[in-house]
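Here's the letter readout for the chains.
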Amino acid sequence: MTALTPAEAWAQLEAGNKRFVDGRAEHPHQDAARRAELEGSQAPFATVFNCSDSRVSSETLFDLGLGDAFVVRNAGQVISESALGTIEYAVALLHTPVLVVMSHQNCGAIRAAIDSSTPDADRLPPHIADVIAPIMPAVQRAVGAAGAQVDAAPIDAAQIDATEVAREHVQGTIGELLRRSEIVAQAVADGELAIVGCHYRLSDGAVTSHVVIGEV
Ligand SMILES: [Zn+2]
């Protein structure tokens, strides 16, 4: 396991993202020597849970290489049994000191959740609807936060701020992780894990944090 504390691990991710934003990426740990070093074991210092979107590759935007991050991805980074189990594996067996839950600008899953929240929305194909469903509470919270009369008038999808929904969704996802995973909650309580909720901007490459659970 890595010797880094949660704060040190998060600092490394922040530093890597800064290099990426500034166009100074070092592309570390991507050579044959690193590959050979990792053949028998891995000790990643971060777990990242983010969207499958092709523009949001965690290793690239945090300037990482082989063996650095244990990455869990699905459309819209929604909690599922598979995602929970994969994250628990990283926390319980690999002891990664930081878990990043990251949304991003112009997310298709967030967009689909917003668009399907209106009364006249087209029905989504069933498996896609399953992926979108966990994002719907975040849409409702974002509408509520904006002061809209949810019950009084139909929701106007164009009026819903997608960035706000993304942030609400990250916050809700972290809350659900802590509620449903004893392993994750215990690691945080023991000071062995910090969780950082973030949003990634496609426009400039910056990752900004808005939720921190634990010490970073
Ligand atoms: Zn996305």
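Throughout what follows, the structure given in this document is the object of discussion. (Residues numbered from 1 in each chain as written. Predicted model: local features only at pLDDT ≥ 70, side-chain atom pairs only at ≥ 80, totals over all residues. Heavy atoms only, no water.)

### Considerations on the sheet that holds strand β4 (residues 194–200)
As a reminder of what qualifies: Here the rule is simple: two strands pair whenever DSSP picks up at least two bridges between them. Strands here mean DSSP runs of E at least two residues long; helices mean DSSP runs of H or I at least four residues long; both are numbered from the N terminus. Orientation is described by axes fitted as lines to C-alpha atoms, over the contacting stretch for helices, and by angles from 0 to 180 degrees between their N-to-C directions. Any pair of residues with heavy atoms lying within 4.5 Å of one another is described as a contacting pair.
In space, the 5 strands of this open sheet follow the order β2-β1-β3-β4-β5, with mixed pairing throughout. The sheet is open, and its two borders are formed by β2 (69–74) and β5 (207–213), each paired with just one other strand. Geometrically, the sheet is characterised by an average inter-axis angle of 20° between neighbouring strands, direction not taken into account. With 6 bridges joining them, β4 and β5 adopt antiparallel strand pairing. Paired with I195 across the strands is I213, a residue of β5. Across the sheet, helix α1 (residues 6–21) is in contact with β1 (46–51), β3 (98–104), β4 and β5; its angle to β3 comes to roughly 35°.

### Some points on unusual backbone geometry
The condition is simple: The buried label goes to any residue with under 20% of its type's maximum accessible area, the exposed label to any with over 50%, and the partly exposed label to all in between, with areas taken from a 1.4 Å probe on protein chains only.
Unusually for a residue other than glycine, D63 sits at a positive phi of about 50°. On the secondary structure map, D63 appears in the loop between α3 (58–61) and β2. Residue D63 is classed as buried on the basis of its relative accessible area of 3%. Backbone geometry at H95 places phi at a positive 55°, although glycine is not the residue there. Relative to the helices and strands, H95 is located in the loop between α4 (81–92) and β3.

### A short note on the coordination of the zinc ion
Note on metal sites: the ideal angle is 109.5 degrees for four tetrahedral donors, and 90 or 180 degrees for six octahedral donors. Spelled out, the test is: Coordinating donors are taken as N, O and S atoms within 2.8 Å of the metal, stretched to 3.2 Å for Na, K and Ca; because water is absent from the atoms, sites can appear incomplete.
Coordination of the zinc ion by the protein involves C51 (SG), H104 (NE2) and C107 (SG), with metal-donor separations of 2.1 to 2.3 Å. Counting along the primary sequence, the residues that act as donors to the zinc ion give the motif C-x52-H-x2-C. Of this pair, C51 sits in strand β1 while C107 sits in the loop between β3 and α5 (108–115), and the two are 56 residues apart along the sequence. The same class applies to C51 and to C107, which are both buried.

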